[in-house]
Structure formats: C-alpha cells, structure tokens
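Results of the structural survey
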There are 4 protein chains.
Amino acid sequence: MSFNTFGRVFRFTTWGESHGPALGATVDGVPPGVAMDEAYIQQFLDRRRPGTSKHTTQRREADQVRILSGVFEGRTTGTPIQLMIENTDQRSKDYGEIAQAFRPGHADITYHLKYGHRDYRGGGRSSARETAARVAAGGVAQAVLRDLLPDLRITGYMVQMGTLHLDRARFDPTALDDNPFFLPDAAAVDRWSDYLDTIRKAQDSVGAAIEVLVEGCPPGLGAPVYAKLDTDLAAAMMSINAVKAVEIGEGMAAAALTGTDNADEIRMGNDGPIYLSNHAGGILGGISTGQPIVVRFAVKPTSSITTPRRTIDRHGQEIDLITKGRHDPCVGIRAVPVAEAMAACVILDHLLMDRAQTGGQRGLIGELPQN
Amino acid sequence: MSFNTFGRVFRFTTWGESHGPALGATVDGVPPGVAMDEAYIQQFLDRRRPGTSKHTTQRREADQVRILSGVFEGRTTGTPIQLMIENTDQRSKDYGEIAQAFRPGHADITYHLKYGHRDYRGGGRSSARETAARVAAGGVAQAVLRDLLPDLRITGYMVQMGTLHLDRARFDPTALDDNPFFLPDAAAVDRWSDYLDTIRKAQDSVGAAIEVLVEGCPPGLGAPVYAKLDTDLAAAMMSINAVKAVEIGEGMAAAALTGTDNADEIRMGNDGPIYLSNHAGGILGGISTGQPIVVRFAVKPTSSITTPRRTIDRHGQEIDLITKGRHDPCVGIRAVPVAEAMAACVILDHLLMDRAQTGGQRGLIGELPQN
Amino acid sequence: MSFNTFGRVFRFTTWGESHGPALGATVDGVPPGVAMDEAYIQQFLDRRRPGTSKHTTQRREADQVRILSGVFEGRTTGTPIQLMIENTDQRSKDYGEIAQAFRPGHADITYHLKYGHRDYRGGGRSSARETAARVAAGGVAQAVLRDLLPDLRITGYMVQMGTLHLDRARFDPTALDDNPFFLPDAAAVDRWSDYLDTIRKAQDSVGAAIEVLVEGCPPGLGAPVYAKLDTDLAAAMMSINAVKAVEIGEGMAAAALTGTDNADEIRMGNDGPIYLSNHAGGILGGISTGQPIVVRFAVKPTSSITTPRRTIDRHGQEIDLITKGRHDPCVGIRAVPVAEAMAACVILDHLLMDRAQTGGQRGLIGELPQN
Amino acid sequence: MSFNTFGRVFRFTTWGESHGPALGATVDGVPPGVAMDEAYIQQFLDRRRPGTSKHTTQRREADQVRILSGVFEGRTTGTPIQLMIENTDQRSKDYGEIAQAFRPGHADITYHLKYGHRDYRGGGRSSARETAARVAAGGVAQAVLRDLLPDLRITGYMVQMGTLHLDRARFDPTALDDNPFFLPDAAAVDRWSDYLDTIRKAQDSVGAAIEVLVEGCPPGLGAPVYAKLDTDLAAAMMSINAVKAVEIGEGMAAAALTGTDNADEIRMGNDGPIYLSNHAGGILGGISTGQPIVVRFAVKPTSSITTPRRTIDRHGQEIDLITKGRHDPCVGIRAVPVAEAMAACVILDHLLMDRAQTGGQRGLIGELPQN
C-alpha cells in the first residue's frame, strides 16, 4: 500500500522532487556484511548523469550520492541504507510558466486533479529526476548481488530509437559504453546521432525501446502466482517514467506464434537442462529457468518539446504551450541505467524471497543438484 | 511479500490446484453494505467456463461459486469474503505421464527446480484453472464498482489470434458475447473459427492479443511512483498465465513516435478537459486522466500440444513428449474474462487507495470541481 | 494493509463468521517439502475445541479441519494451504435477540458503528470462533518448525484466573494437559474448578492471565526496529479476542526495577553465552537471545453473562440485556492453544525473514559459531 | 516484511544510527494540501530533546529537523516527506570500549549474533536516538490529524517511576509540561526529582510506566482481526526501545475482574451512546468506541549503568563492564513524546484505512448519524 516503495524483502522507498533540496532512496532488507561504499554506487549514477552529451538534457547535476546510514566501516550492517543526492542546478525560473499550465503528455494535469496542490517546478515528483534515486538503490542491489550471485550480469541497451532499429546480427555488448546511446553496435552510432540531431533541430522528440538482458541468473527465482518474476519485472519497468509497454522474451510477437514454434525444447547437458531456444525469455510459470532473462520496454517520446501544443491552464483557459527548459530529445536513452537498476532490485528481491521460502535448495534432475 | 496475494487495499489471495478438491479466493478490504450474491459472481465465471465451445478445453467444470463468509443477508459486511469453487471433473489419469516429464514451455521444470515437490496433476498450481478464482474475485470487485462508480464499464476482447487481426474500423462491442472469441466483429467470426480449427487439427496451438477498455474511470486514480495505475495494470496482466507482454495506450509503438505526434492535446469542454487524442491510453504519470484506459497484452500459444516435442524427465533422460489431455488450442480466448476481472480489481483497489489518501477530493480546473 | 492477514513471510488470512457455513485460514509462504496432514493439524484444534468440559461453552463443534490445497502426497508444495472448518452446531435462534441490541463489552456496537451492516449471529466475525482458524494455521506453522527447529517447544498455560494465581514454585508442565485449565499444577485443579463453578453459578464470568514459554529458540530471530520479535508477539497476542495486555519477561513489573536488578548478566559456557537471569524474557533489542522467550497476557472476563446489564439498542432505546446463549465463564481458558498457535506463527515468520536477510548465518563469539 | 517501516497507509520508515552523520524518517501516504513546516514538527522534537535537565542524558543535540521533500509552499503535496536530523554531538570515543564487549541488557549481543557486523557506536541502530525520527514522523501525523480530526487530543504522561506512582486523584494535565517528568501532578515533582537523584547517585537506573490518553477519537477506527486498533497500538508501543509491556484500559488487571464489574454499561445521550465506565480503554473488538483511548506501557530501567556488571566480550572472555557515556537514569521519561508520536501515527493510519474501506460513513443509532 506504500505509494513510493518498491520490493518485498529488498525494498526501497524513493523520495524527493526535481527542484527540492535533495532526493534519495531509503533501502531496507539489505543483508549484513556486504562491502559497500559511495564510490561503488556512484559509478551507476555516473552512467545515468545528465549533461554528458548533446543528446541529453543540459541540466548539470553532479549527482553525488551520500550514504547516511546502514554502512559501517565499509560494510552493510543490515539496517536501512539512506542514500541522498543533493540537487545543485535547479533553475526554477525556467519552470515558472508551467505553474499554471498543463503540458500535454505530462503528469501536470493528473497530479493537479488528484492532489490539488503540487510542486510544479520541473515536474516535481513526476520528474525523471526521481530515477536517480532508483539508480542509487540499484547500486546497493548490485553490490549485494556481486556477493551472492557473482556470475550474474545485467546489461541494458537500446534496440530502437524512432524509426531506427538495432541490427541484432551486429549485437556487440562491448560497444555499449563508448557511445551516448548505450547502443551495442559501434558502426551505427553516427547514424543514430545524426537522426537524433535532426529530431532535436526540428524542435521535436522521439521514442525508444530498451532491452535488458540478465545472464547468469540461477533457476528457481520467482514465485507463483502474484509474485512471478516476470510480473515484478513488468511492474518495475512500467513504473519508470514514460514507459508504455513491457515485453518478456517474445513479447507481443508471441500472439502470432504457434505452439510448435514457441516451445523451447529441452536437452540434457553436463550441468543440467539445455534449452534449444529462448522464446520464453528465461521465465516459465513466473520462475527463472536458468536461461538469460530478456525484458524489453518502450519509452514514449519526451513530452516537453518546443513545438507549440494546444492545452489548457488551471483556470480552464485554452492556450498554446511551448515547453522551454532543458529536456532530453529522447528520454529513453537515460532509461537504460534505470532499467538495469530496477532489474537488479527485482532479482535480488526474489533471491532473498527464495531464500526465505526454500532456503535456496533446488530440486534434483538426475543426480545433479541444480545450483 | 505474499506470493499469492494481489492488491493493496482491496486484496485477494487465490488458493487451490487444478486437480485438488477445490480452489478459491479470499477477498479482503471489501467495503461494507454492498449488494452481493453468488448469482452475480456466477455470471462472470460462466463467461470463462471451459467446455462451452469446441475452441476451448473439453474439461467440463460447473465452476459453481460458493460464498462462505463476509456476506450476510445479501450484503457485504466488510469482513473477508471466501469464494470456493469445487473441482468436479478431474481426470487425473490423463496427467499421470507428466509426473516425471517436463512439458516444454510449461512451469513443470521451474516448479520442480524451485520446490522439489509439486502437484503435477494438470499443472497443479500453475494451471490456468487458478484464473477461475481471479474471475470470482473480480466479480466481487465488479459488484463494489457498480455501487461506487456506476458509470464504469470494463470490456475485454480479442484483437489478434495468430495471423488474424481485429479490423478496428469494424469494432462493435455489442458483438462480443455472441461468439466464442470475444470478438467485437460479427462478420469475422467464421474466419476466426476456421483458422482455429485448422490450427487444432494440425495438433498445434496459437497465440493471441487481448485488449481491455475501461470507460467511465474518473481522473485521479493511481499513485506515483511505484503504485502507478499502469504499473499495477501491467503487473495484473503479466501475472495471468502465458502472458508475455503488456501495453498501455500506444504500447510498443510509442518507440517509433515523435513528441509532436504523441502529445494528446487538450481543450476545455463544458464538464472539464477534453483530449484530442488518447495515445497515453488514459494514464499520465501513473494517474488516470478521465479518458478511456486502454490495456493490451499478448498470450503465448498453449504449450500443451499433441505434436511431439523434445524434452527431459526428472531423471535427466531425454525424451519426446506429446501432451495429451484436454487443452485449449488458443488459451488466449479464456484470458479475456480473466483480464476484465484483474482490471476491475486494480481499478477498485486504486479507488479505495485514493479515498484513503485524498478522501476522493479533486483539484479544480476553472470553476469546475472535477468528478 | 490487509485487515485479516497476519505475518510477513509466513502469512495467514483468516475468514469466516461464527454462524456462517464455514471458517478457515489461507496460509501462504509455507516452505515446500514439509510433511503435513489433517491429523497433525487436528490435534491442535482438539485442544481448543469447545464443549469438552463444563467450564467451556456447551456449543458442540467437531472442528474438523480439511486441507483444500497446498499439500500433495503428504507434503507441502510451497503453494497456499487452504484450511476449512465447517460450522455444524449453529443455533442461530439463540442469538436473534442481539440482532438489535448491543451487548456491553462486545464488539456489537463498534461493528455496527463502523460497518452499518453486520452478521450479528453469535458475534459474527468478532466471535472467538475465529480463533479456530488461527489454531489451524498454527498447526501448519508447528509442522514446519518441527522440521526446521526440531528443538523448539512452545508451551502455554494459565497463570491467573480471577483472584487465583499459579504458585510458580509448583510449576509442572507435565500436568498441563490433564485438566481443563491448562494449569501446570495438578494439586490446584480442584480449587480452580470450584472457583469457576462459583463464578458460573453466580451468572458471572472472570478474567485470566496466560503465559507462553518458547524454549529452544535460537538467537538472532527478530529484526529492528518495527519488526522486533517482541513487537510481533505483542501484536499477535493483542489480536486475540478479549486480550487487554501483553508482557514480555518482567512486563509491567519492569517499571519498578532498578538497572542493577534488571541486568541479565552473562557468562561464557561451552556452547555459547549463559545468562544468569532472564528479566528480558529472551529478547534484547527485538532479537532473540537464545534464552526462553516468555510472553504473558491478560484476557478480560467474558462479556456475555446472564446477569442483566444496562445498554441500548440500535434505535437508541435504553434496555436491560441478559446475554443468553452458550458462553465460556472464563474465555481465557481456550485462549491458551490460540496463544501457542500465534507464537508458533510469529517464530516461524521470523525464522523465514531471518533466512531471507542473513541466510541464517550467525556472528561468532570466540571460536564458536552460534547456532 | 519491511523491517524498519511502521504503518499501513500512513507509513514511515526510520533510518540512521546513533553516531552516523544523520538520521530521519521517510513518511509516505500523507494526504495532500495539509499545512506543514519545520517549525511545527520541531516543537515535538524539542519536547523529546536530550540535555534539557539533569535527569536526562547530557548529550547535547540540537535535533533540528529538515524537510527535504513532499512539502511545497507550506503544504503537503501527497508525495513522500523526508525528514532529516543531523547528528552533531557524537563523542565516539566514549563508546570505543563497547566495540568488543556486550553490555548486559543491551542489544549488543543480539545484533552481533544476528548480523555479525554492527555499528557499535552508541548502540548504532538500537540506540534510543532512533526515536527522534519517530517523533518527527509523529509531527507529520499530528499536522494531518489537526486538519482531519480537530478535536483529537493525545496526551502522554508518566504514571510510575520505580516505586513512585502517580496519585490519580491529583491528575492535572496542565502540569505536564512544567516539569522534566511529564508528570501530571505539580506537587509530586520534587519528590520524583529527589528519588531520581538518589538513583543516579547510586550509579543505578530505574524503570517507568507511561500512559497515553487519546481524547476526541471518533468511533469506528480499527479493523478486525489483525489490524485491530489495540493490536496496532500494542505493536507501536512495544517497538519503542526498552518497553516490556503494553496495556489497554484495565490491562493486566482485567485478569482479576468479573464480567459484571468489567462491563461498560451504555446509556443513550443526546449525541449518541454514553458509557458509564471505560474498563475497555475505548476499544471494543479492535474498533474505537468514541470513549477516550487509554494505553499504558512499562519501560525497563536503563541498561547502561556505571555499576559494574558481569558479561563477556566477542572473544568469549568473561569481563566486568561499567557502561560509561551519557545515559538517562530513567529512559522512560523521554519515551513520553515518543509514545505520543506513535499513537498519533496509529490513529492517523486507521483514519485513512477507515476512509478507504467505509468512506468514513458510520452506522446509525436511532436517528443519529454518528460522527
């Protein structure tokens, strides 16, 4: 029932507004004795930080995270970890205009209708700035996972931006961090860059699709029926600003498949089952199979554009509105590290839940204990 | 942290296995004084009931619901409502074979790996039979919504089955209940029927896409950031068996749009804001706008097919498996009433949550109090 | 936020009214693979069953529990266990009178004020009959604890009934089950019996105090700050009908002690710390020490008495009311197995929570790993 | 399942250690539009602040609260309120000794056993300093209650300190704030002061009992069966450091009463029911009656005393330990504002829950709508 909390055992509550003094995450349920420091968490925030290329907002935030509790002498104590990020570059004057008007496609009008009173500066609580707190919480999750599941690897990347699609034949995860698009195809970067330049110069914005790949996840994570791993991943991704769809494995394409095509046939390997395909995206009946988990989601185009749009103000007056300020032409880009963070939190949460219920024991196949 | 509970204020916990003595739902948080009886809930179960056409499983279940608690003299008392459906047609012999083998695409292998010990009869807890309990819980939600939001209308229908798509120009909701596909286009029924016959005769199955339309939902339902209305709808739909994707409004297509196209411009009408389009699917910033809410999801093809598939058994032996038994060639069909039920539960839950936090009061636009 | 659910990981939701068709408990979070059958759970219900002596209500209920789900071939599957107890001896006619009147000391008036509409038969949901469902859920917990903590022993007994107190010098747990008072002092049984006879013949009732002793609980269960073991035990006991106070260790008497008296000094034994006293009742900072856990609570006298009391009816008319029906002269007696059940549920819940967070690992003292 | 969160709809999560950089509370579920500022909350913290008399610890903390989010232009926005209190007077050197040793009666040993790794400085998370965060959260609750229940009044006071008891015939709530004991009897203050001086000079400490009186609470708050108002109050009080017992109304004394004595008879007044006594302490069946709610609890004597006590260190060595540092000789004194804060949070939480389920409507008695 908590509106601002995510998770079941590993839980975090984010707080803070775009232009308030600070924002952060309160993280509970962290196992004790895990190595943790600000520098480790900071690297995740740095990946998400705005102002690092012309393709993202020019707002300049250091996004420096501070650990205020729950860590002692470099290790977690099992008590709540408070992560705080101070806001430093809050040009509120940019936003004065939207105090009265409702930007089309924004939460302005629904927050106004629901709460009556809202912090309109920069979108307040509905700003994508809230996702910085998620990335910090994800850093905590990553540190714990490094300990408990050292083989786990979570990788997010863009697979679509507007009319451009990733050529999967050229998928190269080593290329990811060398371009501003988290694009796993070095050769396509220039084309994506030009495309987004054109969009931006046209005073427009564009949508995107992101994929998150979780490799090294053991089988057995997830719980029927309402705490399925895919259910929680879907909620995690859909909770990110501007996300309009979530897919697992085949996703929407599954509607067009037949059962003979879709079945992931199974053979027996030396270490356990081997699947001949992965239409399921690594999850069956809500529980991980041990195959890579594949999650994909779509982000709508940034609603804040400098092309005038028709709207109303809070007095019901019809106006044309240009949204000034510093906005990402493709807000989907920065959703990549956010999605990785959410995936890390979900996986850890389920690992701890599984530990609670089964003690981490697995059923046998043949003589093999499954890890 | 409850594995089998859905919801925050209006909560239900389903229980029961496919071939156990009974299954049901324990529903908590129901407002008192609402008219409620078994006949009202039964009508929703009847829509979902198997064995009603050649296109669904030939298992014959009366699916007769009994109210064991929480209703007195025809009205709810505010205490938990226990809904029980006895299983009557459990041909366990059909399923003896799968006690040892893992059907590809099924939860057999993941349940085995996680729990070691499972009720394999008919898929046990992972069977789509669990959704009967959801539909019963949804009936309770519908009864309450009838009281609190009399203008609300929730309509589910198929928009895709394999290679066939609904022609949206011919959308006719009055046609829905007169065909076995919940298809809102009477003229297309024969074609869909022939198509599915062909699939079934080929010993195959096929996927589907379903859309749920919620009309008459007031603005202001939903709560940032992790209890967004779309987040909860995504979790609700993804928790249904075999669902692989969930879309709100434009869904995955949003990735290809520009901001100028995607903006739902706003004008002022006599009764409040009027939106010139609904790319958002009725939700902005996780909160309902008052426009129709549009949710879509994909269901994978039934994994149980009589075409042999390669798999292993619990001893690690490689085998070829034909899944006998009585299975739907398109499990997506019966997902329609299930999805309506889940949508009803989510809407009611958020209505009660909103009542808790805001008392149901709305911000003003102009002089108009928004309902 | 669930009104009728208890627990965090091991959770149960009770449902049902005193005079409805059935009542029960939906139990979630149960580890898989644990031996479980109806006979095992039944023995706990038999201890609580009414009609077994002249000192308890003459309502005769078989209280036969049925397992409807979650157990397969004699072992738990990790899915929800539905426990149902059918009501068989519902003399509703006895209760017709209280449909309109509010019995003093009963929940009649508060249920009426809150819900408007209530099942008045036998107190409906507020009846002590609800505790049968708790005892059944407690039976599930006991079965799991037998597996996971074989040395654990939970013992409840009466320490006070009206003006009579247990002579602690004569404490003999072997005497408990041979008398209708769960009194650990065989020699005092006749005196307690005569006393309660006198109360009953005077058309009166009397209060009681019960103690629950948990032996063999390992250190490390409990979690600061709002999931302390004593916090959850206090909530568990206070949730039982008619309970007005809960004490841990010294309880209210701690207010009169000095720090030098109250300190439980520690020495080192072969297997770990040895405490020289147990003022703390086995819990420090909300976490178990390994010493016996001592919980005590007071139950008010049965409010239903045949001596007339002044009250009002729902029309606001002042009346004198005699509560007929079949009531326990000391409702505290039957609270003993209920309290044991609640203690079992709390201990198991914390054991699973601890497994989630710490993996069950303990800090070292000296060279000794602490179990 | 969150270890550090309290509440259901109105929820707060506290974080921070005694000697970390800061501590605070993350408060969620706050209704929007409520007047709120730091000065209002600060007054509650000032009542609890240490160092204000010789009877409390000489640690000097400004305990200045900052609101970091959720409030805009002096009113709540409905989003999470982050309250931060920086620690300024952390003399860690005082505490170096206890890094290795376990103070008898303290959480040192149980935290060590559970977590292996702990922040030992000043008790870390188990320090009573955590209660500052509760008081801040309680300030938020009080501000909301001022709006929603303007007639509500929550008053805490000491009723016992060691061998001294409040003379209830002399109860005078106006005297409360003029003495360091929250003692509602001005004439007794000198005697209490002398008594505590004697205790302190004897290098000892002493227990206490506190009562909280909630006046003006409407009927209908609370929810059967596991979210009873008294259940939640019991959990709230038991979660406060050093509390060993909680009583509602007659409390433990109910065990000695007969039903004729204990019944709170009812007459009809002009505005609704009038109760001729309040043995129940304002709660029947877990739901408020409209009478004053009476909660009482016992606090054990401060465990940190300068009289040597036998204990062990983490290497298993037996030692004698004197706990230096700055400690309250009667930690119960400062529990008074903490208990008021917890009571405010519970009442508000139940008010919001009731709004969710019943919409705040009440059953009729006669022609009178009950407020």
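Residues numbered from 1 in each chain as written. Chains lettered and ligands numbered in written order. Predicted model: local features only at pLDDT ≥ 70, side-chain atom pairs only at ≥ 80, totals over all residues. Heavy atoms only, no water.

1. What about the relation of the copies chain D and chain A?
With an RMSD of 0.0 Å, the operation that places chain D on chain A is a rotation of 180° combined with a shift of 0.0 Å along the axis. The symmetry that links the two subunits is that of a two-fold axis. Relative to the rotation axis, the C-alpha of D:T26 is the closest in chain D, positioned 3.7 Å from it. Both copies share a contact surface, since 100% of the interface residues of chain D are interface residues in chain A too. (Least-squares fit on C-alpha atoms with pLDDT ≥ 70 in both. Contact = heavy atoms within 4.5 Å.)

2. Things to note about the pattern of salt bridges
Evaluated as defined, the whole model comprises 80 salt bridges over all chains. With its nearest N and O atoms 2.6 Å apart, the salt bridge here joins B:R168 to B:E211. A residue pair is termed long-range when its members are at least 10 positions apart, and B:R168 in the loop between β9 (164-165) and α4 (189-201) and B:E211 in strand β10 (residues 208-215) qualify at 43 residues. Residue B:E211 is classed as buried on the basis of its relative accessible area of 3%. Here the salt bridges do not stand alone but share partners, grouping A:R168, A:E211, A:E247 and A:R296 into one network. (Salt bridge = Lys/Arg side-chain N within 4 Å of Asp/Glu carboxyl O. Helix = DSSP H or I, 4+ residues; strand = E, 2+ residues; numbered from the N terminus. Buried < 20%, exposed > 50% of the residue type's maximum accessible area, 1.4 Å probe, protein only.)

3. Here's the deal with the interface of chain D and chain C
If you look at the interface, chain D gives 118 residues, while chain C gives 118 residues. In total, about 9,300 Å² of surface goes out of reach between chain D and chain C, with carbon and sulfur atoms giving 61% of it. Taken together, the connections running from chain D to chain C amount to eight salt bridges. Residue D:R309 pairs with C:E265 through a salt bridge whose shortest N-O separation is 3.8 Å. Where chain D meets chain C, there are 63 residue pairs in polar contact (both at pLDDT 80 or more). (Buried area = accessible area lost by both parts, 1.4 Å probe. Polar contact = N/O pair within 3.5 Å; in protein donor to acceptor, adjacent residues only side chain to side chain.)

4. Some points on the sheet that holds β10(B)
Reading across from one edge, β9(A)-β8(A)-β10(A)-β16(A)-β11(A)-β11(B)-β16(B)-β10(B)-β8(B)-β9(B) is the order of the 10 strands in this open sheet, with antiparallel pairing throughout. Strands at the two margins of the open sheet, each flanked by one partner only, are β9 (164-165) of chain A together with β9 of chain B. Taken together, the two bridges between strand β8 (residues 153-161) of chain B and β9(B) define a ladder with antiparallel strand orientation. Looking at the pairing, B:Q160 lines up with B:H165 of β9(B). Of the strands in this sheet, β8 (153-161), β10 (208-215) and β16 (293-299) of chain A touch helix α7 (residues 335-358) of chain A, which is tilted by about 140° from β8(A). (Pairing = 2+ DSSP bridges. Axes fitted to C-alpha atoms, helices over the stretch in contact; angles between N-to-C directions.)

5. Here we look at the UniProt feature "binding site: NADP(+)" (unreviewed entry) in chain A
All names here are of chain A. The residues that UniProt annotates with the feature "binding site: NADP(+)" (unreviewed entry) are R48 and K54. Here R48 shows up in helix α1 (residues 38-48). By relative accessible area, R48 is classed as buried at 2%. With respect to the helices and strands, the residue K54 is situated in the loop between α1 and β4 (65-67). Looking at K54, the relative accessible area reads 45%, which means it is partly exposed. If near-sequence neighbours (up to four positions away) are discounted, K54 is found in contact with S193, D197 and R200. (UniProt positions renumbered as here; feature names shortened; annotations may be inferred.)

6. Some details on the environment of B:H165
Residue and element names in this part refer to chain B. Mapped onto the elements, H165 comes out in strand β9. For the pair H165 and W192, spaced 27 residues apart in the sequence, the C-alpha separation amounts to 9.4 Å. When near neighbours in sequence (up to four residues on either side) are disregarded, H165 contacts V159, Q160 and W192.

7. Some points on the relation of the copies chain D and chain C
Superposing chain D onto chain C takes a rotation of 180° combined with a translation of 0.0 Å along the rotation axis, leaving an RMSD of 0.0 Å. Here 100% of the contact residues of chain D are again contact residues in chain C; the copies associate through an equivalent surface.

8. Some words on the interface of chain D and chain A
Counting residues at the interface gives 41 residues for chain D and 41 residues for chain A. Summed over the shared surface of chain D and chain A, the number is zero salt bridges. Contributions of two or more residues to the side of chain D that touches chain A are made by β2 (11-16), β3 (22-28), β4 (65-67), β6 (75-76) and β7 (81-86) of chain D. When residues in the side of chain D that touches chain A are grouped by element, the largest group, five residues, is from β2(D). Residues that form the side of chain D that touches chain A fall into these classes: 14 nonpolar, 16 polar and 11 charged. (Nonpolar A, V, L, I, M, F, W, Y, C, P; charged D, E, K, R; others polar.)

9. Quick notes on the side chain of A:R125
With respect to the element layout, A:R125 can be found in the loop between α2 (108-115) and α3 (130-148). Salt bridges are absent for the buried A:R125, whose nearest opposite-charge side chain, A:E130, sits at 4.2 Å. When near neighbours in sequence (up to four residues on either side) are disregarded, A:R125 contacts A:N4, A:T14, A:W15, A:G16, A:E17, A:Y111, A:E130, B:V225, D:T79 and D:P80. (Lys, Arg positive; Asp, Glu negative; His and termini not counted.)

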